[in-house]
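Next come the chains, spelled out residue by residue.
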Amino acid sequence: MSVVVATGSLPQPPTPLARATETPGSVRRVAALTVLLSRPARQGSAAIVLPLVAFAVTTMLMLIVAGGTRMFLTDPRTGQMAFLYGVLSVLALILLAVPTATLGAAAARLSSRRRNDRLSTLRLLGATNTEVGAMAVGEASAVAFAGALVGAAAYGIALPLVGLLPFFGGPVGAAAVWAGWPIVLAVILGVGLIATVSAAASLRRVRLTPLGVRRRTEAPPRRTRTLVISGIAIVAVGTIVAQFSSVSAVLAPAASIALLLALFAGALALVNLIGTPIVAARGRSMARRARTAAQLIAGRELAAHAPTAWRRVSSIAMISFIAVVGGSGIALTEIAGDEPGMTLFADIRTGVLVTLGAGFVLLAASVGVSQAASVLDDRELIVGLDRLGMEPAELARARRITVMLPLRWAAAGGAVVGVALALPVVGISLVVAPLTMAVIAATFVAGFGAVALALLASRPLVTAIRRGPAG
C-alpha cells in the first residue's frame, strides 16, 4: 500500500506537444502557440516594428532599382548609348544588392533572436527542437512577407515620385520605371526566402534546452595574415589601375569595361576583408588603454565581435567609394556645361545621386536593425550593468562607440580606394571644380547623420530591457 501511495504521489511529467503529423488539430495548436509567444512582452514593440520596417525598405528599394535597371535596358530613348546605360544601371543594381541583402538578413536575425528567451519555455512544454525551430522560422518568415508586402505597396505609391526623376532630358514617367508584376512577385518571394534562410541559419548557432538558450560561440581569431595579404592585394589592384590605359589598348571595349568594374569590385571586397581585423585590433587596443567604463565595454565588444561590428556599417565603404568617383564625375559634368550631347553625363549625375540616397537609407536601416539585434543578444549584460549602477548615458556611449569607430574606418577605406582607382579624374576635378568636395562632404555628413539617427531607434528597446529581469 505504501508503494502504491508513493507511486501515486510522484509528479507526472509534462505532456509533450502533439506532433504535427499526429492529429489535424496539432497544427492549430502550434500556430496558436506561435501567435501567443510572438507578442512583444517586455522587449517592446521595437523588436517587431524594426524588422518589419527593414523588410519593407528592402523590398521598396529593390523594386525601385530593378525598375530603373529594366527601363535602361529596354527603353528606346537610350538610343546609341543603350549598352552604356545598361552597364551603368546593372552596376548600380549590383552595388545596392549587397547592402540590401545584408539588411534583409539582419532583419531576419533580429526577428528570430528576439524570441530566444521563449524557446526554452517551449522546450519545457515538451516541444522538440524541430517544432521550436519551425515556430521561430515561421514567425520570421511571416514578418518578412508582411514587410515585403508593405514595401511593395509603398513602391506602388512612390511610383509617381520616382517617375519625376530627370532622365533622357526630362521626367521619365511612372510607367517607364514600373518593374512589372513578375519582378514584383520575385522580389517579394526573394525577401521572404532571405528571411527564412537567415532565421534557420541563426538557429544553428544556438543550443536549445529546457533550462535555457545558449549561443555557440568561438574565440575570435587573429587575422594578421589576412590583413597583410589583403594590403598587398590592394597595392596590386592600384598598380593595375595605374597602368589600365596600356592594358585596355589590347582589349575590346566591352572587355575593358568588364575589367575596370572587376577591379573596382575587387578593391571594395578587399576593403571589407581587411575591415574586420582592423576593427578587432582597434578594439583590443581600446580595451587595454580604457579610461572609462564605456571605452572598456566598447573595446571588448569590438574585439570579440569584430565581424558583426564591421558588417553592420560596411555599406558606408561603398557609399564613400561612389561619393569620390561619382562626385568627380559630377564635377566634370559641371565643367562641360550645356554642350551638345551632355544628356548622358546629366543622367549619370542623377543616377549617382539616386544611388547615394538609396545607400544612405540602407545604411541607416541596417544599423538600426543590427543594433536592435545586438541589444537582444546583450540583454543580460545590459541588465547587469544597470543593476551595478552604470548610468544609461554611459551605456549609450559604449554602444555608440561600437558603431561609430568601425564606421569611420569603413568610410575612410572606401574613400581611399575611390581616390586610388580614379586619381586622375579626382585630381582634375579638385582643381577645376570644387563642387566635388561639396558632394563628398555632404555624403559623409549625411551618412554619419543617418547612422546617428538609427542609433536612437534602439533606445526604446534598451529602456524596456533595463526595466525587465535579466532572464
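If you're wondering where the values come from, they're calculated on a predicted model, not measured in any experiment.

Draft legend 1. Focus on the overall build of the protein chain. In terms of helices and strands, the protein chain carries 19 helices and 4 strands. Looking at the protein chain alone, contacts between residues at least 24 apart form 82% of all its contacts between residues at least 6 apart. Just so you have it, the protein chain exposes about 22900 Å², and 70% of that area is on carbon and sulfur atoms.

Draft legend 2. View of the packing of helix α11 (residues 293–304) against helix α16 (residues 392–421). Relative orientation of the contacting elements α11 and α16 amounts to 45°, with a least axis distance of 8 Å. Considering the angle they form, α11 stands oblique to α16. Here α11 runs over α16; the crossing is right-handed. Counting all contacts with α11, which are made through Ala293, Ala294, Gln295, Ile297, Ala298, Glu301 and Leu302, the residues of α16 involved are Glu394, Arg397, Ala398, Ile401, Thr402, Leu405 and Pro406. Split by residue class, the contact of α11 with α16 holds 9 nonpolar, 2 polar and 3 charged.

Draft legend 3. Representation of helix α15 (residues 379–387) within the structure. Of the residues making up α15, those classed as buried are Arg379, Ile382, Val383 and Leu385. Considered in projection along α15, the buried side chains sweep an arc of 165° and stay on one side of the axis. Positive phi appears at Gly389, one or two residues downstream of α15, with a value of about 100°.

Draft legend 4. Structural detail: a nonpolar patch on the surface. Together, Leu73, Val90 and Ile94 make up an exposed nonpolar region whose accessible area comes to about 260 Å². Topologically, Val90 is positioned in helix α4 (residues 82–113).

Draft legend 5. Structural view of the pattern of salt bridges. What the rule picks out here adds up to 2 salt bridges. Residue Arg77 is joined to Asp75 by a salt bridge in which the shortest nitrogen-to-oxygen separation is 2.8 Å. Salt-bridge contacts for Arg387 lead to Asp386; the nearest nitrogen and oxygen are separated by 3.0 Å.

Draft legend 6. Molecular detail of the nonpolar core. Judged by nonpolar contacts, the single largest core of 95 residues is most densely connected at Met71 and Val367. For this core, the element with the most residues is helix α14 (residues 343–377), which contributes 15 residues. If we skip the residues at most four places from it in the chain, Met71 touches Phe167, Phe168, Val172, Ala176 and Val177.

Draft legend 7. Representation of α11 in the model. Here α11 spans 17 Å end to end across 12 residues, near enough to the 16 Å set by a 1.5 Å rise per residue. When we look at burial in α11, the residues that qualify are Ala294, Ala298, Gly299, Glu301, Leu302 and Ala303.

Parameters and conventions
Residues numbered from 1 in each chain as written. Predicted model: local features only at pLDDT ≥ 70, side-chain atom pairs only at ≥ 80, totals over all residues. Heavy atoms only, no water. Helix = DSSP H or I, 4+ residues; strand = E, 2+ residues; numbered from the N terminus. Contact = heavy atoms within 4.5 Å. Areas by Shrake-Rupley, 256 points an atom, 1.4 Å probe, with all protein chains shown as cover. Axes fitted to C-alpha atoms, helices over the stretch in contact; angles between N-to-C directions. Parallel < 35°, antiparallel > 145°, perpendicular 65-115°, else oblique. Left-handed = near helix turned anticlockwise from the far one by under 90°. Nonpolar A, V, L, I, M, F, W, Y, C, P; charged D, E, K, R; others polar. Buried < 20%, exposed > 50% of the residue type's maximum accessible area, 1.4 Å probe, protein only. Arc of directions from axis to C-beta. Patch = residues over 30% accessible without salt bridge, like charges linked within 9 Å, V, L, I, M, F, W, Y side chains within 5 Å. Salt bridge = Lys/Arg side-chain N within 4 Å of Asp/Glu carboxyl O. Core = buried A, V, L, I, M, F, W, Y, C linked by side-chain atoms within 4.5 Å. Expected span 1.5 Å × (residues − 1).

These results come straight from atomic positions and should not be treated as a statement about function.
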